[in-house]
Amino acid sequence: IFQDHPDPDWVSLGVAYHRYWLPIFVLALPFLVVGLHNLSKRLPGILRPALWAGVCALCLFTSFAKGEDALGRLGAVGVKYEEIATAVLDATPADAVIASERNDKLFWPQRAVVQADQRDLTPVAELSVTLDTPVYLFTAIPDSHLDVIEQSVFAPLGFVFEKTLEVEGYSLYLITSDQSSS
């Protein structure tokens, strides 16, 4: 599943404006304008400007203030993700590779990023074996689940997780060789 928004808890079609709402809006707009114009011609003089002012106010309110994905609220979400990105970038070296399920957009292009599938982290383990650079896993997977993954996928290859950062419900793990941690 492709997520437009880096927060996987946001379940809303509204976060996919360019795929769903924008085409509907663009195609419906001429019909809406013609309908409102015909309606306003039937109204007495003073109600016409009131109708258009009301329509404009409704549009502004729904765009900027209503719902989780309102433009006014997206600014705060952007600040939150900027803080997460800054914390992770400060905690990782410039040559690091960050494996992440959904948040690759936060770290690219400052860091090399690969997509990690939480159902199968074997490619990340293989990446840890083949690259001569630090590999990190940035995830919201609970520690208890990650312990199972570490023991079943990474330990047989000689790798362990070392938690280096916890921020806003996410954890950053350095994937290290079992020999380097002893």
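Small disclaimer: the values here were computed from a predicted structure and weren't measured.

Participant: Please explain helix α3 (residues 71–91) as it appears in this structure.
Facilitator: Because an α-helix completes one turn every 3.6 residues, residues spaced three or four positions apart along the sequence face the same direction. Along its 21 residues, α3 runs 30 Å from first to last C-alpha, staying within 8% of the 30 Å computed at 1.5 Å per residue. Looking only at α3, the buried set comprises V77, Y81, I84, A85, V88 and L89. For α3, the angular spread of the buried residues around the axis is 125°, confining them to a single face. Across from the buried face of α3, at angles greater than 90 degrees, the exposed residues are A76, E82 and D90. In this structure, the buried side of α3 is in contact with β1 (97–100), α4 (104–107), β3 (135–139), β4 (159–167) and β5 (170–177).

Participant: Help me out: how do you make sense of a nonpolar patch on the surface in this one?
Facilitator: Taken together, F25, V26, L29, L32, V33 and W52 make up a surface patch of nonpolar side chains, about 520 Å² in accessible area. With five residues, helix α1 (residues 21–42) is the largest single contributor of residues to the nonpolar patch. Note that V33 resides in helix α1. On the accessibility criterion, V33 (42% relative accessible area) is partly exposed.

Thresholds applied
Residues numbered from 1 in each chain as written. Predicted model: local features only at pLDDT ≥ 70, side-chain atom pairs only at ≥ 80, totals over all residues. Heavy atoms only, no water. Helix = DSSP H or I, 4+ residues; strand = E, 2+ residues; numbered from the N terminus. Expected span 1.5 Å × (residues − 1). Buried < 20%, exposed > 50% of the residue type's maximum accessible area, 1.4 Å probe, protein only. Arc of directions from axis to C-beta. Contact = heavy atoms within 4.5 Å. Patch = residues over 30% accessible without salt bridge, like charges linked within 9 Å, V, L, I, M, F, W, Y side chains within 5 Å. Areas by Shrake-Rupley, 256 points an atom, 1.4 Å probe, with all protein chains shown as cover. Salt bridge = Lys/Arg side-chain N within 4 Å of Asp/Glu carboxyl O.

By themselves, these observations are geometric and do not establish any function.
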